[in-house]
Amino acid sequence: MSFIERIPRKLPTIQSVRNNVQAEAPLLVFYTVVLLVLAFLYINSFSLRVESARIPRMVIVATIAIIVLHIVTIFLNFNPSGMTGPNTEEFLEEDIEISNVDLVSLIREMIWIVGYVLGFFYIGFFTTTAAFVYSYIFVKDKDTSGLRRFIVPGYWSIGVTVFLYFILITVLEVYKILRIGILP
Amino acid sequence: MTALLSEFATAFGIFVSNLPWVFVGVLVGMFLGILPGMGGVVTLVLLLPITLSMDKFQAFALLSGGLGATTFTGSVTGILINTPGTSSNAATVIDGYPMTQRGEAATALGASAVSSAAGAIVAIALFLLSLPVLLDIALLFGPSEVFWLVIGALLVIPFMVGDKPLAGIATAGLGLIMTFIGRAPQTAETRFAFGQTELFDGIPILAPLIGLFALAEIFRLASINQKTIVPEHVEMTGSRLKGVKAVFKHKWLWLRCSIIGLIIGAVPGAGGASSSFIAYGHAVQSASDTDGFGEGRVEGVIAPESANDAKDGGQLFPSLALGIPGSASMAVFLAGLLAHGMFPGPRTLIDEMPLVIVVALSLVTSNILTSIIGYTFVNQFTKLLRIPVQRLLPAITVLALAAAFIGRNQAADVTITLLFAIFGAILIFVDVSRVPFLIAFVLGVLLEQNFYLAEQFAAGDIYEGFFTGWLNQLLIAVIAVTVISILLPDGFFQRVKRSLWRLLP
């Protein structure tokens with residue numbers, strides 16, 4: 001169906017509006033945050049010279065207009081996807097379903113990586129890398145048991161750290177990475 | 001023409017001296033490409049920071065090697081375990097997996113390897129042959145024309161890549177806004193940096209690439225909680241040689257499907273999946289006997305695989321000749337040009353012809369090498385699929401974050417990358433494509449610079465600068481027609497045609 005065919009002929013009922021808003025609630029929350037940020041940037045752009053601010057201001061206004069239009073279409077139960085081409089992630093060349101991603105698991109993974117980055121800054125890159133790889137595999141890989149549960153993460157931890165040392169220090173000579181944090 | 005031939009000879013010499021880098025790229029691409037969910041984008045994103053210490057020819061030989069390798073390896077998992085490594089290989093599964101079930105896995109892989117390599121050869125040979133014409137076209141583009149090209153890409157690609165096109169255009173807007181952070185090209189005044197000195201030179205190009213694609217992908221894969229990619233051992237039965245012979249037997253099908261892949265690949269945003277499905281449809285339609293399709297016919301493997309690899313050659317046309325990425329992988333490729341101090345766009349062909357030729361030759365070599373290595377060592381590669389995902393993910397995570405640091409040797413870049421990773425995870429959760437953001441981020445610099453240049457050339461007269469000249473008007477018309485045709489009802493033109501026929505006496 002094309003854009004025009006998707007335009008609703010009748011006003012949506014309150015129930016259908018409620019259903020749409022519920023289904024797209026995460027997107028609407030995201031849009032609210034984005035609109036606030038854009039409004040802040042728009043106000044901030046007035047502190048710049050006209051020549052520096054002209055294009056950014058135009059893009060900010062256009063983006064706000066598009067977001068508002070999308071919010072309206074969500075409320076009107078109208079999805080303006082005009083073409084029957086490949087969907088979003090086909091373009092990205094992936095096959096795994098993007099929908100039904102569990103928010104709790106997603107946040108849990110983010111915490112792991114935020115923890116790693118904090119360790120990177122305050123402890124040191126190679127020490128944190130070895131500890132992160134070991135603890136991640138130890139916690140997540142539940143297929144191994146007994147002594148192997150302790151040994152397998154060790155192999156991976158040493159392997160990954162040595163590989164990174166070889167690439168970063170021996171090949172690319174990025175010595176600065178050794179000076180971040182209190183340990184190497 | 002003589003100058004072009006001389007440039008070709010020079011480029012060929014450079015390409016030969018950089019062959020080892022193509023080989024390294026192929027190995028990395030095969031390793032990452034065989035893991036479903038990783039694919040070409042992640043491979044290029046992880047390789048790109050390593051290339052910063054290389055010269056541009058070494059860098060793009062490595063990147064082209066990686067890019068070419070991921071296309072074939074995606075079909076290996078599709079044929080063997082019914083899980084395509086990339087969506088471009090999805091059509092191959094229709095007949096490839098039934099062949100495996102029938103005990104002809106090796107035959108399907110042989111056919112896939114040869115048709116992939118042959119498809120790439122046809123497409124890239126046509127690209128190289130059309131370089132003189134493309135060069136003439138590139139010379140027609142000035143700043144205002146490049147400005148319209150970028151506007152066209154930003155408006156049209158979101159409609160083609162997502163089922164939420166307005167959200168796609170909005171994220172493209174956000175991508176553009178990110179490029180405004182740092183010094184303004186016109187005045188050198190610092191914008192939207194809020195006193196952070198790390199942002200005075202703008203957001204590093206690697207941060208959104210690694211954050212939005214590599215790390216956000218890792219969040220997603222980890223949150224799915226899959227243990228291994230292949231739970232069981234895959235039996236490699238059948239004759240590989242039989243698969244090779246089948247490609248020669250169906251040589252016209254292979255050639256037609258390669259041309260289909262080339263044409264579809266040349267349309268920005270059309271994507272690999274559509275080329276392989278259209279080629280598969282063509283194989284079914286053109287067969288004298290359609291029985292057995294979907295149950296393991298070798299033509300059902302040859303058609304999508306030749307189109308799939310030919311589309312890589314097709315994507316070189318918009319990406320290298322116009323600076324408009326034909327896919328997410330090509331967007332990363334163009335980001336590579338920026339990272340190496342070159343601007344994507346029609347000037348690439350004019351200023352960097354040897355590099356363009358090296359890329360084309362590396363890509364075709366990569367496809368051939370991948371097919372040979374894949375054909376020979378497929379059993380060994382499938383062993384990678386039995387490594388638990390939980391062991392691979394932390395390794396790729398630390399590699400990605402180290403890659404973010406390598407770019408400018410600044411710890412702040414790791415924080416910026418992490419913020420982009422969180423933004424990418426949010427986009428995944430709200431089901432909005434990250435691709436328009438990436439394309440806008442890569443093309444944003446071009447948009448603003450060319451806007452000011454065109455305005456200066458026209459002495460500040462916007463109408464004179466942007467709306468006069470046949471190419472400007474043609475581009476505006478193409479953008480308008482494309483957007484309007486997206487908005488019009490399906491079958492509108494057929495209905496208009498029928499009405500006109502009725503009016504005739």
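Refer to the preceding data block for the structure.
Residues numbered from 1 in each chain as written. Chains lettered and ligands numbered in written order. Predicted model: local features only at pLDDT ≥ 70, side-chain atom pairs only at ≥ 80, totals over all residues. Heavy atoms only, no water.

Chemist: Teacher, can you tell me more about the pattern of salt bridges here?
Modeler: Pairs may arise between side chains of opposite charge once their charged atoms sit close together. All names here are of chain B. Tallied over the full model, the rule gives 10 salt bridges over all chains. In this structure, glutamate 104 and arginine 102 form a salt bridge, with 2.5 Å as the shortest nitrogen-oxygen distance. Between arginine 408 and aspartate 413 there is a salt bridge, with its nearest N and O atoms 2.9 Å apart. Of the residues examined, arginine 408 reaches a relative accessible area of 29% and is grouped as partly exposed. Taking the relative accessible area as the measure of exposure, aspartate 413 reaches 2% and is therefore buried. Salt bridges sharing common partners tie together Arg102, Glu104 and Lys242. (Salt bridge = Lys/Arg side-chain N within 4 Å of Asp/Glu carboxyl O. Buried < 20%, exposed > 50% of the residue type's maximum accessible area, 1.4 Å probe, protein only.)

Chemist: Mind showing me how you'd approach the packing of aromatic side chains here?
Modeler: The way to describe two aromatic rings as a pair is by their centre distance and the angle between their planes. This structure, assessed with the given rule, holds 29 aromatic pairs over all chains. Aromatic side chains tyrosine 42 of chain A and phenylalanine 46 of chain A sit 5.2 Å apart centroid to centroid with 85° between the ring planes, which places their arrangement in the edge-to-face category. Between tyrosine 134 of chain A and phenylalanine 138 of chain A, the aromatic rings sit 6.2 Å apart at their centres with planes inclined by 10°, giving stacked as the arrangement. A residue pair is termed a helical-turn pair when its members lie 3 or 4 positions apart in one helix, as tyrosine 134 of chain A and phenylalanine 138 of chain A do in helix H7 (residues 125-140) at four residues. Here the aromatic residues Trp112, Tyr116, Phe120, Phe121, Phe125, Phe126, Phe132, Tyr136 and Tyr165 of chain A together with Phe405 of chain B are joined through ring pairs into a cluster of three or more. Arginine 57 of chain A extends its terminal NZ or CZ atom over the ring of phenylalanine 46 of chain A, reaching a point 4.2 Å from the ring centre. In this structure, arginine 149 of chain A is placed above the aromatic ring of phenylalanine 138 of chain A, and the distance from its NZ or CZ to the ring centre is 4.6 Å. (Phe/Tyr/Trp six-rings, centres within 6.5 Å; stacked < 30°, edge-to-face > 60°. Helix = DSSP H or I, 4+ residues; strand = E, 2+ residues; numbered from the N terminus. Lys NZ or Arg CZ within 6 Å of the ring centre and 35° of its normal.)

Chemist: Can you help me understand the environment of glycine 345 of chain B in this one?
Modeler: Residue and element names in this part refer to chain B. With respect to the secondary-structure elements, glycine 345 resides in the loop between helix H15 (328-339) and helix H16 (346-351). A relative accessible area of 4% means that glycine 345 is categorised as buried. Through-space distance from the C-alpha of glycine 345 to that of lysine 383 is 42 Å; in sequence the pair is 38 residues apart. Setting aside residues up to four positions removed in sequence, glycine 345 forms contacts with Leu320, Ala321, Leu322 and Gly323. (Contact = heavy atoms within 4.5 Å.)

Chemist: How should I be thinking about the packing of helix H3 (residues 25-44) of chain A against helix H9 (residues 165-179) of chain B in this particular structure?
Modeler: Two quantities define a packed helix pair, namely the angle between the helix axes and the distance between the axes. Contact geometry for H3 of chain A and H9 of chain B: axes closest at 13 Å, N-to-C directions at 35°. For the element pair H3 of chain A and H9 of chain B, the recorded crossing hand is left-handed. Contact residues: H3 of chain A offers Tyr31, Val34, Leu38 and Leu41 of chain A, while H9 of chain B offers Ala167, Ala170, Leu174 and Ile177 of chain B. When the residues that make up the contact of H3 of chain A with H9 of chain B are grouped by side-chain class, the tally is eight nonpolar, no polar and no charged. (Axes fitted to C-alpha atoms, helices over the stretch in contact; angles between N-to-C directions. Left-handed = near helix turned anticlockwise from the far one by under 90°. Nonpolar A, V, L, I, M, F, W, Y, C, P; charged D, E, K, R; others polar.)

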